[in-house]
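Coordinates in review
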Amino acid sequence: MMALNMLSPAEIKVSSFMDTTMNQYRVPKLSGKCSWRRKDSGITVGRIVRCSAQPPPPAWPGRAVPEQVQKTWDGPKPISIVGSTGSIGTQTLDIVAENPDKFRVVALAAGSNVTLLADQVKRFKPQLVSVRDESLVGELKEALADIEHMPEIIPGDQGIVEVARHPDAVTVPTVAAIEAGKHIALANKETLIAGGPFVLPLAHKHNIKILPADSEHSAIFQCIQGLPEGALRRVILTGSGGAFRTWPVEKLKDVKVADALKHPNWVMGKKITVDSATLFNKGLEVIEAHYLFGAEYDNIEIVIHPQSIIHSMVETQDSSVLGQLGWADMRLPILYTLSWPDRIHCSEVTWPRLDLCKLGSLTFEYPDKAKYPSLDLVYAAGRAGGTMTGVLSAANEKAVEMFIDEKISFLDIFKVVELTCDKHRSELVTSPSLEDIIHYDSWARVYAASLQLSSNRSPVPAAA
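Residues numbered from 1 in each chain as written. Predicted model: local features only at pLDDT ≥ 70, side-chain atom pairs only at ≥ 80, totals over all residues. Heavy atoms only, no water.

- Per an unreviewed UniProt entry, the chain goes by the name 1-deoxy-D-xylulose-5-phosphate reductoisomerase and belongs to Acer yangbiense.
- You can read under Function (unreviewed entry) in the UniProt record for the chain the words "Enzyme of the plastid non-mevalonate pathway for isoprenoid biosynthesis that catalyzes the NADPH-dependent rearrangement and reduction of 1-deoxy-D-xylulose-5-phosphate (DXP) to 2-C-methyl-D-erythritol 4-phosphate (MEP). Required for chloroplast development."
- The Sequence similarities (unreviewed entry) comment attached to the chain in UniProt states, word for word, "Belongs to the DXR family." (UniProt positions renumbered as here; feature names shortened; annotations may be inferred.)

This is the structure we're talking about:
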């Protein structure tokens, strides 16, 4: 049943975050179940939680049918980019540069890379620019001193908001634009994983489209185009298996940071590469798929696909399976997000075409839950809902930071997340406000950081 049509409270069985056993390799094995008393009107019944809170409406309830919308702009589609100097931002600008007749940039926001931002401003001539660090405004103006038309520069968080809701922009990548009537090209997971219970009703209220720009959810989005109502049966998320797919589980206790940063297929930042190694990245995509497409957690599966050619699949009610294939190139899902519902012709020089015969074979494996305890943690958090998913995401982010800084071991990442989620059980909010989401995101990071190492280096709660 799609979450949009759910009219009665759900009975949610969840794995306990604390009731674990440890094998000789210190990989937590989740076992047993527990009742979770929810902060806002949940009633604990035995080992099952009955919750009166309704799940938020999905962005795309199992199908995607383009609406006939009157264009509100002339010429190329105007877009704003928040995070223009990051990986997704620079790839988006590559697409704009290659398709100047299709897209134009009206606003850019960046963090602290003033040199790259200045180059982007000179090339794409946006009307509005934001740099997060206010102390860098002078440096940015100096770098732009020789341009003919100086853009408006608004620093800090307010600048990011203004870029997001720029009046000319049609599709932008931030939640701040929803109330301004802007469609969202969503490239980060945190917006829905932490904010789904708040963001989705808000987008639904303002009739805003949330268009997924990451490869897996873009693949699902492409596969559900034109499906009839109720046709979606199962979502199948594919993942490479990360750096340790072929490692025996007993070696994981010896993992070094450099080992975890060796992704077999993708070139990504440190955090997401470690997430791929733990499979937290794929688990978080399960939560995102639930929020985006309304699929129940029992109907979202993960399959290890080492070649990273099939980016995800859907199964329909008649058991047909539809998949989206392509080389491991983030530009394709970004392009589809920007151009949807249209398809834009791409040059074979800059966009190599897929050659299945040259590829040879595609293989698939079940994920090993002994190696990837993140999966049980993520499904449990997803079924709990509310603020639990944001707490899990924030705790994982902090744990990965501590691992990269060599403060904890690779296997400790799982334990830090588990302990943080367990601590949050008594404070779980099923229908959170934006303030609740921000509060518990901050709380999770502080609590995860406060966990102390025991004599055998395993994190334990700090003494009161």
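Next comes the rest of the write-up.
1. Quick look at the overall build of the chain
- Assigned secondary structure in the chain consists of 15 helices and 18 strands.
- Relative to its full complement of 464 residues, the chain shows a buried share of 53%.
- Considering only intrachain contacts with a sequence separation of at least 6, the fraction spanning at least 24 residues in the chain is 70%.
- Within the structure as shown, the chain displays about 20,800 Å² of accessible surface, and the carbon and sulfur contribution to it stands at 51%. (Helix = DSSP H or I, 4+ residues; strand = E, 2+ residues; numbered from the N terminus. Buried < 20%, exposed > 50% of the residue type's maximum accessible area, 1.4 Å probe, protein only. Contact = heavy atoms within 4.5 Å. Areas by Shrake-Rupley, 256 points an atom, 1.4 Å probe, with all protein chains shown as cover.)

2. Some words on the packing of aromatic side chains
- Per the stated rule, a full pass over the model turns up 11 aromatic pairs.
- Centroid distance Phe 403 to Phe 410: 5.7 Å. Interplanar angle 70 degrees. Geometry classified as edge-to-face.
- Classification of Phe 403 by relative accessible area gives buried; the value is 2%.
- Residue Phe 410 is classed as buried on the basis of its relative accessible area, which comes to 1%. (Phe/Tyr/Trp six-rings, centres within 6.5 Å; stacked < 30°, edge-to-face > 60°.)

3. So, the pairing of strand 11 (residues 183-186)
- Pairing geometry for strand 11 and strand 12 (residues 210-212), over three bridges, is parallel. Following the sheet pairing, Ala 185 is matched in strand 12 by Leu 211.
- With helix 5 (residues 190-205) bridging strand 11 and its parallel neighbour strand 12, the resulting β-α-β unit is right-handed. (Pairing = 2+ DSSP bridges. Right-handed = clockwise from strand over helix to strand, strands pointing away.)

4. Comments concerning the environment of Leu 200
- Tracing the backbone shows Leu 200 in helix 5.
- Since its relative accessible area comes to 3%, Leu 200 is described here as buried.
- Taking the C-alpha atoms as reference points, Leu 200 and Pro 55, separated by 145 residues in sequence, lie 9.7 Å from one another.
- In this structure Leu 200 touches Pro 56, Pro 57, Pro 58, Ala 59, Leu 192, Gly 195, Ile 210 and Tyr 291, once residues within four positions along its chain are discounted.

5. As for the environment of Ser 450
- You can see Ser 450 is positioned in helix 15 (residues 434-450).
- Take Ser 450: its relative accessible area is 30%, and that puts it in the partly exposed class.
- Residues Ser 450 and Val 416, spaced 34 residues apart in sequence, show a C-alpha to C-alpha distance of 9.8 Å.
- At a separation of 2.7 Å, a polar atom in the side chain of Ser 450 contacts the main-chain carbonyl oxygen of Tyr 447. (Polar contact = N/O pair within 3.5 Å; in protein donor to acceptor, adjacent residues only side chain to side chain.)

6. With respect to the pattern of salt bridges
- In total, this model carries 21 salt bridges according to the counting rule given.
- The salt bridge involving Arg 165 is made with Glu 162; its shortest N-O contact spans 2.7 Å.
- One salt bridge in this structure joins Asp 329 and Arg 331, with 2.8 Å as the shortest N-O distance.
- By relative accessible area, which is 15% here, Arg 331 ends up buried.
- Salt bridges sharing partners connect three or more residues here, namely Lys 189, Glu 216, Lys 282 and Glu 285. (Salt bridge = Lys/Arg side-chain N within 4 Å of Asp/Glu carboxyl O.)

7. Looking at the side chain of Lys 77
- By the secondary structure assignment, Lys 77 is in strand 6 (residues 77-82).
- One buried charged residue, Lys 77, forms no salt bridge at all, with the nearest opposite charge on Asp 342 at 6.6 Å.
- Within the structure, Lys 77 has its side chain in polar contact with the backbone oxygen of Leu 338 (distance 2.8 Å). (Lys, Arg positive; Asp, Glu negative; His and termini not counted.)

8. Focus: unusual backbone geometry
- The linkage connecting Trp 340 with the following residue, Pro 341, adopts the cis geometry, with an omega of 5 degrees.
- Structurally, Pro 341 can be placed in the loop between helix 10 (331-339) and helix 11 (356-359).
- Positive phi is not limited to glycine here, since Lys 125 has a value of about 55 degrees.
- Turning to its location among the elements, Lys 125 is positioned in the loop between helix 2 (114-124) and strand 8 (128-131).
- For Lys 125, a relative accessible area of 62% corresponds to the exposed category.
- The phi angle at Ser 308 is positive, at roughly 55 degrees, despite the residue not being glycine.
- Examined against the element boundaries, Ser 308 turns out to sit in the loop between strand 14 (300-304) and strand 15 (310-316).
- Relative accessible area serves as the criterion here: at 6%, Ser 308 is assigned to the buried category.

9. Some words on the environment of Leu 128
- Topologically, Leu 128 is positioned in strand 8.
- In this structure the C-alpha to C-alpha distance between Leu 128 and Leu 108, which are 20 residues apart in sequence, comes to 6.5 Å.
- Residues within four places of Leu 128 in sequence aside, it is in contact with Val 106, Ala 107, Leu 108, Pro 151, Glu 152, Ile 154, Glu 162, Val 163 and His 166.

10. A few points about helix 2
- Residues of helix 2 that are buried: Val 114, Leu 117, Ala 118, Gln 120, Val 121 and Phe 124. Projected down its long axis, helix 2 shows its buried positions confined to an angular sector of 160 degrees, all on one face. Exposed and facing more than 90 degrees away from the buried side of helix 2 are Thr 115 and Arg 123.
- Along its buried surface, helix 2 packs onto helix 1 (87-98), strand 7 (103-110), strand 8 and helix 3 (137-143). (Arc of directions from axis to C-beta.)

11. A word on a nonpolar patch on the surface
- Together, Leu 325, Trp 327, Leu 354 and Leu 356 give the surface a local cluster of nonpolar side chains, amounting to about 310 Å² of exposed area.
- Its location among the elements puts Leu 354 in the loop between helix 10 and helix 11.
- Exposure remark for Leu 354: the relative accessible area of 31% places this residue in the partly exposed category. (Patch = residues over 30% accessible without salt bridge, like charges linked within 9 Å, V, L, I, M, F, W, Y side chains within 5 Å.)

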